[in-house]
Amino acid sequence: MIDEEPDYVIGCFGGGSNFAGLSFPFVREKLVGKRDGLRVIAAESTAAPKLTKGDFRYDFGDTGRLTPLIRMYTVGHDFVPPPIHAGGLRYHGAAPTVSHLLKHSLIEAEAYPQVRIFKAAKLFSQTEGIIPAPESAHAIASVIEHARHFIKNSGSHDIDGPVILFNLSGHGLLDLSGYQEFLSNKLVDFHVDLEQVKESLRKISSSN
Ligand SMILES: Cc1ncc(COP(=O)(O)O)c(C=O)c1O
(Lines give C-alpha, C1' and ligand atoms only; values in the text may rest on other atoms or scores of the structure.)
Protein backbone atom coordinates (compact mmCIF):
# COMPACT_ATOMS: atom_id res chain seq x y z
CA MET A 1 0.00 0.00 0.00
CA ILE A 2 2.87 2.42 0.68
CA ASP A 3 5.02 1.12 -2.15
CA GLU A 4 7.82 -0.10 0.11
CA GLU A 5 9.20 -3.58 0.78
CA PRO A 6 10.86 -4.36 4.11
CA ASP A 7 14.46 -5.47 4.55
CA TYR A 8 13.72 -6.28 8.19
CA VAL A 9 10.51 -7.47 9.84
CA ILE A 10 10.60 -7.21 13.62
CA GLY A 11 8.09 -8.14 16.30
CA CYS A 12 8.26 -8.54 20.06
CA PHE A 13 7.84 -12.07 21.32
CA GLY A 14 5.75 -13.43 24.18
CA GLY A 15 4.23 -16.57 22.70
CA GLY A 16 4.22 -15.59 19.06
CA SER A 17 0.82 -14.09 18.15
CA ASN A 18 1.81 -10.60 17.10
CA PHE A 19 5.16 -11.70 15.70
CA ALA A 20 3.62 -14.44 13.54
CA GLY A 21 0.72 -12.24 12.43
CA LEU A 22 3.10 -9.62 11.13
CA SER A 23 5.89 -11.76 9.77
CA PHE A 24 4.42 -14.97 8.32
CA PRO A 25 3.29 -13.45 4.99
CA PHE A 26 6.91 -12.28 4.53
CA VAL A 27 8.33 -15.62 5.66
CA ARG A 28 6.21 -17.22 2.94
CA GLU A 29 7.96 -15.01 0.39
CA LYS A 30 11.31 -16.14 1.79
CA LEU A 31 10.23 -19.77 1.50
CA VAL A 32 9.33 -19.40 -2.17
CA GLY A 33 12.67 -17.69 -2.85
CA LYS A 34 11.31 -14.20 -3.50
CA ARG A 35 13.13 -12.50 -0.64
CA ASP A 36 16.37 -14.19 0.29
CA GLY A 37 17.94 -11.21 2.07
CA LEU A 38 14.98 -10.43 4.29
CA ARG A 39 15.70 -10.63 8.03
CA VAL A 40 12.81 -11.59 10.29
CA ILE A 41 13.55 -10.97 13.95
CA ALA A 42 11.70 -11.92 17.15
CA ALA A 43 12.59 -9.68 20.10
CA GLU A 44 12.11 -11.38 23.47
CA SER A 45 13.00 -10.46 27.04
CA THR A 46 16.26 -11.49 28.73
CA ALA A 47 13.98 -12.48 31.65
CA ALA A 48 12.24 -15.25 29.67
CA PRO A 49 14.76 -16.18 26.97
CA LYS A 50 13.11 -19.24 25.43
CA LEU A 51 14.15 -18.45 21.84
CA THR A 52 17.73 -17.41 22.63
CA LYS A 53 18.56 -19.78 25.52
CA GLY A 54 15.75 -22.37 25.67
CA ASP A 55 15.68 -25.92 24.38
CA PHE A 56 13.75 -27.15 21.34
CA ARG A 57 11.75 -30.03 22.82
CA TYR A 58 8.31 -31.27 23.80
CA ASP A 59 6.83 -29.38 26.76
CA PHE A 60 3.46 -28.37 28.15
CA GLY A 61 2.09 -25.04 27.01
CA ASP A 62 0.88 -24.23 30.52
CA THR A 63 2.12 -24.54 34.07
CA GLY A 64 -0.92 -26.69 34.95
CA ARG A 65 0.21 -29.30 32.40
CA LEU A 66 -3.24 -29.47 30.80
CA THR A 67 -2.26 -28.88 27.17
CA PRO A 68 -0.95 -31.59 24.88
CA LEU A 69 2.82 -31.69 24.67
CA ILE A 70 4.03 -29.13 22.16
CA ARG A 71 7.32 -29.19 20.28
CA MET A 72 8.73 -25.75 20.87
CA TYR A 73 11.51 -23.63 22.30
CA THR A 74 10.97 -23.53 26.04
CA VAL A 75 12.67 -22.64 29.31
CA GLY A 76 10.42 -25.17 31.05
CA HIS A 77 6.74 -24.98 32.04
CA ASP A 78 7.66 -24.60 35.74
CA PHE A 79 9.95 -21.66 35.13
CA VAL A 80 8.85 -18.47 36.87
CA PRO A 81 10.45 -15.49 35.15
CA PRO A 82 11.54 -12.43 37.14
CA PRO A 83 8.87 -9.71 37.54
CA ILE A 84 9.55 -7.52 34.52
CA HIS A 85 7.13 -4.79 33.43
CA ALA A 86 6.58 -6.47 30.06
CA GLY A 87 4.38 -9.14 31.66
CA GLY A 88 3.20 -10.32 28.25
CA LEU A 89 6.71 -11.56 27.41
CA ARG A 90 7.04 -13.79 30.50
CA TYR A 91 5.59 -16.89 28.84
CA HIS A 92 7.92 -19.90 29.11
CA GLY A 93 7.39 -21.28 25.61
CA ALA A 94 6.94 -20.30 21.97
CA ALA A 95 4.41 -21.06 19.26
CA PRO A 96 5.41 -24.33 17.56
CA THR A 97 5.19 -22.71 14.11
CA VAL A 98 7.62 -19.96 15.12
CA SER A 99 9.85 -22.50 16.90
CA HIS A 100 10.03 -24.58 13.72
CA LEU A 101 11.07 -21.56 11.64
CA LEU A 102 13.77 -20.64 14.16
CA LYS A 103 15.05 -24.21 14.25
CA HIS A 104 15.46 -23.98 10.47
CA SER A 105 17.09 -20.52 10.65
CA LEU A 106 14.34 -18.84 8.64
CA ILE A 107 13.93 -16.30 11.41
CA GLU A 108 16.25 -14.90 14.09
CA ALA A 109 15.80 -14.11 17.78
CA GLU A 110 17.26 -11.43 20.04
CA ALA A 111 16.77 -10.74 23.76
CA TYR A 112 16.63 -7.31 25.41
CA PRO A 113 16.73 -6.27 29.09
CA GLN A 114 14.15 -3.88 30.48
CA VAL A 115 16.24 -0.75 31.05
CA ARG A 116 17.23 -0.83 27.39
CA ILE A 117 13.67 -1.31 26.17
CA PHE A 118 12.38 1.57 28.30
CA LYS A 119 15.16 3.76 26.86
CA ALA A 120 13.92 2.81 23.39
CA ALA A 121 10.30 3.42 24.47
CA LYS A 122 11.19 6.88 25.76
CA LEU A 123 12.88 7.83 22.49
CA PHE A 124 9.90 6.48 20.54
CA SER A 125 7.40 8.44 22.69
CA GLN A 126 9.38 11.62 22.22
CA THR A 127 9.73 11.24 18.47
CA GLU A 128 6.37 9.69 17.56
CA GLY A 129 4.07 10.94 20.30
CA ILE A 130 2.91 7.41 21.15
CA ILE A 131 3.68 5.68 24.44
CA PRO A 132 4.40 2.05 23.54
CA ALA A 133 3.65 -0.97 25.72
CA PRO A 134 6.80 -2.36 27.37
CA GLU A 135 6.24 -5.54 25.33
CA SER A 136 6.22 -3.58 22.06
CA ALA A 137 9.29 -1.65 23.22
CA HIS A 138 11.33 -4.84 22.75
CA ALA A 139 10.62 -4.61 19.02
CA ILE A 140 11.47 -0.90 19.10
CA ALA A 141 14.81 -1.62 20.83
CA SER A 142 15.62 -4.08 18.07
CA VAL A 143 14.64 -1.58 15.36
CA ILE A 144 16.95 1.03 16.92
CA GLU A 145 19.76 -1.52 17.21
CA HIS A 146 19.58 -2.42 13.51
CA ALA A 147 19.13 1.18 12.34
CA ARG A 148 22.18 2.24 14.41
CA HIS A 149 24.18 -0.70 13.10
CA PHE A 150 23.43 0.41 9.53
CA ILE A 151 24.40 4.02 10.26
CA LYS A 152 27.62 2.95 12.01
CA ASN A 153 28.70 0.58 9.24
CA SER A 154 27.76 2.74 6.28
CA GLY A 155 28.39 6.16 7.81
CA SER A 156 25.14 7.17 6.16
CA HIS A 157 21.89 8.58 7.54
CA ASP A 158 20.45 8.13 4.07
CA ILE A 159 16.72 7.78 3.79
CA ASP A 160 17.48 5.01 1.27
CA GLY A 161 18.81 2.81 4.05
CA PRO A 162 17.09 -0.45 4.95
CA VAL A 163 13.33 -0.44 5.37
CA ILE A 164 12.45 -1.78 8.82
CA LEU A 165 8.90 -2.94 9.43
CA PHE A 166 7.86 -3.58 13.03
CA ASN A 167 4.69 -4.16 14.96
CA LEU A 168 3.58 -1.72 17.62
CA SER A 169 1.57 -4.40 19.40
CA GLY A 170 0.02 -2.17 22.06
CA HIS A 171 0.05 1.16 23.87
CA GLY A 172 1.64 1.69 27.26
CA LEU A 173 -0.98 3.87 28.89
CA LEU A 174 -1.60 1.21 31.54
CA ASP A 175 2.14 0.76 32.12
CA LEU A 176 3.02 4.19 33.43
CA SER A 177 4.34 2.76 36.70
CA GLY A 178 7.06 1.06 34.64
CA TYR A 179 7.88 4.37 32.96
CA GLN A 180 7.92 6.06 36.35
CA GLU A 181 10.43 3.52 37.71
CA PHE A 182 12.57 3.92 34.61
CA LEU A 183 12.52 7.72 34.76
CA SER A 184 13.46 7.72 38.44
CA ASN A 185 16.34 5.29 37.78
CA LYS A 186 14.81 2.56 39.93
CA LEU A 187 14.39 -0.02 37.21
CA VAL A 188 16.64 -3.10 37.35
CA ASP A 189 17.55 -5.55 34.61
CA PHE A 190 16.98 -9.29 34.84
CA HIS A 191 19.14 -11.69 32.86
CA VAL A 192 18.23 -15.34 33.05
CA ASP A 193 21.39 -17.30 32.26
CA LEU A 194 21.87 -20.65 30.56
CA GLU A 195 22.50 -22.46 33.83
CA GLN A 196 19.12 -21.32 35.24
CA VAL A 197 17.40 -22.50 32.06
CA LYS A 198 19.18 -25.87 32.19
CA GLU A 199 18.20 -26.31 35.85
CA SER A 200 14.55 -25.57 35.02
CA LEU A 201 14.60 -28.05 32.14
CA ARG A 202 16.31 -30.71 34.29
CA LYS A 203 13.48 -30.39 36.83
CA ILE A 204 10.74 -30.94 34.27
CA SER A 205 12.65 -33.83 32.65
CA SER A 206 12.74 -35.66 35.96
CA SER A 207 9.07 -34.96 36.76
CA ASN A 208 7.63 -35.83 33.28
C1 LIG B 1 1.07 -5.31 24.04
C2 LIG B 1 1.52 -6.74 23.95
N3 LIG B 1 2.39 -7.07 22.98
C4 LIG B 1 2.85 -8.35 22.88
C5 LIG B 1 2.43 -9.34 23.74
C6 LIG B 1 3.04 -10.70 23.60
O7 LIG B 1 2.20 -11.69 23.13
P8 LIG B 1 2.43 -12.41 21.74
O9 LIG B 1 3.89 -12.76 21.63
O10 LIG B 1 1.60 -13.64 21.82
O11 LIG B 1 1.98 -11.48 20.69
C12 LIG B 1 1.51 -9.03 24.75
C13 LIG B 1 1.04 -10.07 25.67
O14 LIG B 1 0.32 -9.88 26.62
C15 LIG B 1 1.05 -7.69 24.87
O16 LIG B 1 0.19 -7.32 25.85
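Residues numbered from 1 in each chain as written. Predicted model: local features only at pLDDT ≥ 70, side-chain atom pairs only at ≥ 80, totals over all residues.

(A) Representation of the pairing of strand 2 (residues 39-45) in the model. For strand 2, the buried fraction is high: 6 of the 7 residues fall into the buried class. Both strand 1 (residues 8-12) and strand 2 contribute to a ladder of 5 bridges, which runs parallel. Residue pairing for strand 2: Cys 12 is matched across the bridge by Ala 43. Since strand 1 and strand 2 lie parallel, the crossover through helix 1 (residues 17-31) that links them has a hand, and here it is right-handed. Alignment of strand 2 against strand 5 (residues 108-112), held across 5 bridges, turns out to be parallel. What sits directly across from Ile 41, in strand 5, is Glu 108. (Buried ≥ 20, exposed ≤ 12 C-beta atoms within 10 Å, placed from the backbone. Helix = DSSP H or I, 4+ residues; strand = E, 2+ residues; numbered from the N terminus. Pairing = 2+ DSSP bridges. Right-handed = clockwise from strand over helix to strand, strands pointing away.)

(B) Helix 4 (residues 114-128), seen in detail. In this model helix 4 runs 20 Å from its N-terminal to its C-terminal C-alpha over 15 residues, within 8% of the 21 Å that 1.5 Å per residue would give. Two residues or fewer after helix 4 comes Gly 129, characterised by a positive phi angle close to 75°. (Expected span 1.5 Å × (residues − 1).)

(C) Broad picture of the site of the ligand. Residues in contact with the ligand amount to 15 residues; listed here are only the nearest, Gly 14, Ser 17, Gly 88, Ser 169 and Gly 170. Broken down by secondary-structure element, the contributors of at least two residues to the shell around the ligand are helix 1 and helix 5 (134-154). (Near = placed C-beta within 6 Å.)

(D) View of the environment of Arg 65. As for its placement among the helices and strands, Arg 65 is situated in the loop between strand 3 (55-60) and strand 4 (69-74). By the C-beta count within 10 Å, which is 14 here, Arg 65 ends up partly exposed. In this structure, the C-alpha to C-alpha distance between Arg 65 and Gly 33, residues 32 residues apart in sequence, is 39 Å. If sequence neighbours within four positions are ignored, Arg 65 has contacts with Phe 60 and His 77. (Contact = placed C-beta atoms within 7 Å.)

Taken by themselves, the reported measurements are silent on function.
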